[in-house]
Amino acid sequence: MTETNTSITSPTQQIDATLSFSDALDNLDFAFMGAFSASNGRWSFIADYMVTDVSFGNATPGPAFSSLDTAVKTQIFNGYAAYRVYQDPKTAVDLGAGFRWYKTDTDFTLQPGTMPGGTTSVGDDWVDPLIAVRARMQFNDRWSGTAFADYGGFESGSDTWQVLLTADYALNDNWLLRGGYRYIEVNHNINGSAYEFDQSGPIFGATYRF
């Protein structure tokens, strides 16, 4: 249930676009999010994939342009290897490292007002290294919680981070229902222009354990 913000800042202009969740379903072309995790002893491996394809419009300040139309398709793949550094009957903490692959195809179209309109297109993909931490807390037989955070980039013009918090309810030994909040942000220099993207909002899902 995300709000999406994206912008591009070039030497001549800055264009910002926002899509709230209340409007997202009307403007959604396609979306998917899923994750897989495998563990062996203290080691675990995590893969996480997201794709979003939306098209939407925003009003623009002043009479120069009548509106801004934005088409955004993003793909994000996260991969991590993590090692358990602390564990007791109710708490487990993992430290990890990995990467984030990000791909965007974004078109910003300014519709004519007192000035002629035009389209700015951004298309690129890149990989950022990541460090991560995950903590799991067991509250009782049914309820548990997960906190996950990562940060990456580590170079001028490129940084990214995310936070994921969930409350987890075990239906049985295999099925887990999850609800919480996720925020992910990506900043990168593309051909001399500063590109920014973030998504945030409530998250609901189910995990099958085998």
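Worth saying up front: this structure is predicted, and the values here are computed from it rather than measured.

Enquirer: Honestly, the side chain of Ser193 in this entry has me stumped. Any pointers?
Expert: Secondary-structure assignment places Ser193 in strand S11 (residues 193-208). If sequence neighbours within four positions are ignored, Ser193 has contacts with Ile8, Thr9, Ser10, Pro11 and His188.

Enquirer: I tried to follow the pattern of salt bridges on my own but got confused; where do I start?
Expert: Side-chain pairs of opposite charge can arise where the charged atoms are in close proximity. Counted according to the given criterion, the structure contains six salt bridges. The residue Asp105 makes a salt bridge to Lys103 at a minimum N-O spacing of 3.9 Å. For Asp105, a relative accessible area of 38% corresponds to the partly exposed category. Three or more residues joined by partner-sharing salt bridges are found here, namely Arg84, Asp94 and Arg134.

Enquirer: Could you clarify how one ought to interpret the packing of aromatic side chains in this entry?
Expert: Remark: the centre distance and the inter-plane angle together describe each pair of aromatic rings, the angle taken between the planes. Taken as a whole, this structure holds 13 aromatic pairs when the rule is applied. Arranged with centres 6.4 Å apart and planes meeting at 80 degrees, the rings of Trp126 and Tyr195 form a pair that is edge-to-face. Here the residue Trp126 occupies a position in strand S7 (residues 118-138), and Tyr195 occupies one in strand S11, the gap between them amounting to 69 residues. With centroids separated by 5.4 Å and ring planes inclined at 80 degrees, the aromatic side chains of Tyr151 and Phe154 adopt a geometry described as edge-to-face. Exposure remark for Phe154: the relative accessible area of 48% places this residue in the partly exposed category. Pairwise contacts between aromatic rings join Tyr102, Trp126, Tyr195 and Phe197 into one cluster.

Criteria and thresholds
- Residues numbered from 1 in each chain as written.
- Predicted model: local features only at pLDDT ≥ 70, side-chain atom pairs only at ≥ 80, totals over all residues.
- Heavy atoms only, no water.
- Helix = DSSP H or I, 4+ residues; strand = E, 2+ residues; numbered from the N terminus.
- Contact = heavy atoms within 4.5 Å.
- Salt bridge = Lys/Arg side-chain N within 4 Å of Asp/Glu carboxyl O.
- Buried < 20%, exposed > 50% of the residue type's maximum accessible area, 1.4 Å probe, protein only.
- Phe/Tyr/Trp six-rings, centres within 6.5 Å; stacked < 30°, edge-to-face > 60°.

Note that all results are geometric; they support no functional claim without further evidence.
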